[in-house]
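# Topology and contacts: notes
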Amino acid sequence: MKIRSAVALSAVFLLAACGGGGQIGDSGSGNSATNKKLVLIPGISAEPFYISMQCGFQDAAKAAGYEFDTQAPAKFDAAQQTPIVTGILASKPAAVLIAPTDDKAMAGPMKQLKDAGIKVVEVDTKLQDTSIASSSISSNNEQGGKLAAETINKLTAGKTGSVLVLNTKAGTSTTDARAKGFEDEIKKYSNLKYIGQQYTDNEPATAASKVTATLAANPDLIGVFATNLNTGEGAATGLRNAGKTGAVNLVGFDASPKQVTDLQAGTVQALIAQDPATIGKQGVEQALAAIDGKENKRNIETDLVAITKDDASANSKYFYKEKC
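Residues numbered from 1 in each chain as written. Predicted model: local features only at pLDDT ≥ 70, side-chain atom pairs only at ≥ 80, totals over all residues. Heavy atoms only, no water.

Okay, the environment of threonine 34 next. On the secondary structure map, threonine 34 appears in the loop between helix H1 (6–13) and strand S1 (37–41). Exposure remark for threonine 34: the relative accessible area of 78% places this residue in the exposed category. Note: C-alpha distance between threonine 34 and alanine 94 (60 residues apart in sequence) is 9.2 Å. (Helix = DSSP H or I, 4+ residues; strand = E, 2+ residues; numbered from the N terminus. Buried < 20%, exposed > 50% of the residue type's maximum accessible area, 1.4 Å probe, protein only.)

All right, on to helix H3 (residues 78–91) then. Its 14 residues place the ends of H3 21 Å apart at the C-alpha level, agreeing with the 20 Å of an ideal helix rising 1.5 Å per residue. Ala78, Gln80, Gln81, Thr82, Pro83, Ile84, Val85 and Ile88 are the residues of H3 that are buried. Among the residues of H3, the N-terminal cap falls to aspartate 77, whose side-chain oxygen and the backbone nitrogen of alanine 79 are separated by 3.0 Å. Within two residues after H3, lysine 92 carries a phi angle of roughly 45°, on the positive side. (Expected span 1.5 Å × (residues − 1). Polar contact = N/O pair within 3.5 Å; in protein donor to acceptor, adjacent residues only side chain to side chain.)

The tally for this structure, following the rule as stated, stands at 6 aromatic pairs. Relative to phenylalanine 68, the ring of phenylalanine 57 lies with its centre 6.5 Å away and its plane at 80°, an arrangement referred to as edge-to-face. On the criterion of sequence distance, the pair formed by phenylalanine 57 in helix H2 (residues 48–63) and phenylalanine 68 in strand S2 (residues 67–70) is long-range, its members being 11 residues apart. Both residues of the pair, phenylalanine 57 and phenylalanine 68, count as buried. Members of the aromatic cluster, connected to one another through ring pairs, are Phe182, Tyr194, Phe225 and Phe253. Residue placement shows arginine 178 over the ring face of phenylalanine 253; its charged tip is 3.9 Å from the ring centre. (Phe/Tyr/Trp six-rings, centres within 6.5 Å; stacked < 30°, edge-to-face > 60°. Lys NZ or Arg CZ within 6 Å of the ring centre and 35° of its normal.)

Here, disulfide denotes a covalent bond that connects the sulfur atoms of two cysteines. Inspection of the entire model under this criterion finds 1 disulfide. The partner cysteine of cysteine 55 in its disulfide is cysteine 324, sulfur to sulfur 2.1 Å. Torsion about the S-S bond of the cysteine 55 and cysteine 324 cystine: about -105°, corresponding to left-handed handedness. Of the two residues, cysteine 55 sits in helix H2 while cysteine 324 sits in the segment after strand S12 (305–307), which places them 269 residues apart along the sequence. (Disulfide = S-S within 2.5 Å.)

Now for the sheet that holds strand S9 (residues 249–253). Backbone-to-backbone hydrogen bonds join strands into a sheet, with any given pair of strands oriented parallel or antiparallel. The sheet built from 6 strands is open, its strands ordered S7-S6-S8-S9-S10-S12 with mixed pairing. The sheet is open, and its two borders are formed by strand S7 (192–199) and S12, each paired with just one other strand. In this sheet, neighbouring strand axes are inclined to one another by 20° on average, regardless of whether the strands run parallel or antiparallel. Relative to strand S10 (residues 270–273), S9 is paired through 3 bridges, and the arrangement is parallel. For phenylalanine 253, the partnering residue across the bridge sits in S10 and is isoleucine 272. (Pairing = 2+ DSSP bridges. Axes fitted to C-alpha atoms, helices over the stretch in contact; angles between N-to-C directions.)

It is worth spelling out the confidence of the model for the chain at this point. In the predicted model, the chain carries a mean pLDDT of 89, and the fraction of residues at 70 or more is 90%. Across residues 1–32 the pLDDT falls below 50, and counting only partners more than four positions away or on other chains, this stretch makes 80 contacts in the model. (pLDDT = per-residue confidence, 0-100. Contact = heavy atoms within 4.5 Å.)

This part takes up helix H6 (residues 173–186). With 14 residues, H6 ought to run about 20 Å at 1.5 Å a step, and its terminal C-alpha atoms sit 20 Å apart, in line with that. Turning to H6, its buried residues number three or more, namely Ser173, Thr174, Thr175, Arg178, Ala179, Gly181, Phe182, Glu185 and Ile186. Residues of H6 that are buried sit in contact with helix H5 (141–156), strand S6 (161–167), S7, strand S8 (221–226) and S9.

Once that is clear, we can look at the side chain of glutamine 269. Along the chain, the position of glutamine 269 falls in the loop between helix H9 (257–265) and S10. A polar side-chain atom of glutamine 269 sits 2.8 Å from the main-chain amide nitrogen of leucine 250. From its side chain, glutamine 269 meets the backbone oxygen of glycine 266 in a polar contact 2.8 Å long. Residues within four places of glutamine 269 in sequence aside, it is in contact with Leu155, Gly246, Val248, Asn249, Leu250, Leu263, Ile307, Thr308 and Lys309.

What follows is the structure, given as structure tokens:
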């Protein structure tokens with residue numbers, strides 16, 4: 001995951017994922033500092049995963065007596081996220097929760113936050129440089145990829161065939177970890193031939209075309225693991241267009257409303273769902289600890305679950321939201 005003037009761009013890209021911020025009184029917080037503002041910078045606006053994270057963030061900030069605001073880029077791109085970070089420097093909130101859109105390119109802008117005395121907490125994605133954020137909260141993404149491979153193996157029930165990973169962008173810490181976990185685990189199943197990963201630039205249309213091309217080159221394709229929401233939705237479209245729905249087992253990552261609908265319709269055979277609201281909540285908890293000078297837990301991993309059509313109702317708490 002991943003610069004004209006920051007001043008020129010900040011007005012364009014200061015977008016809220018599902019509305020603006022809220023003014024909350026100072027009651028309910030043990031922090032004596034006068035700065036009572038938290039900002040969340042997700043990876044992209046209007047995506048159910050990040051909206052669900054925002055809901056958890058807002059609830060936790062409100063309960064702690066903090067003001068809150070969410071500003072998100074229109075695309076998952078460092079060039080769009082950077083001017084948001086630059087713009088926030090001027091308002092100097094107490095802490096920023098951020099999902100860096102590139103594990104290297106966002107290091108400079110995020111270091112500016114830290115150097116300005118703003119506490120930085122990573123949510124979902126993280127930098128290679130571990131010296132900037134005080135804490136990183138994310139799903140156990142490598143475990144998620146492993147779970148996806150195990151699920152495809154169960155779905156194929158001993159049949160032979162090729163399996164493909166559709167990733168988003170190189171340098172995205174979360175999806176790269178999912179692809180690695182899948183690759184390590186799929187090697188255990190001799191009936192399944194891993195044919196590698198392809199990148200989709202986080203665009204559903206690109207994911208759809210990659211599936212179409214792979215089917216033409218590998219008619220024995222039996223499984224696809226899509227490493228995030230947009231890629232999963234695009235992969236489902238590609239299989240539908242090729243008339244291969246159900247014949248090729250599609251395991252997606254995330255549980256957006258569209259993906260849940262596809263799961264229930266049989267277009268997707270399984271979803272690896274995260275718990276983004278808990279990531280947002282724990283991000284606030286770690287930010288407040290840093291503000292109060294308390295010890296942070298450097299790395300926190302939240303749970304994932306594999307959901308099929310048969311157990312979808314029992315796991316509905318993991319379905320993502322479109323608004324708070």
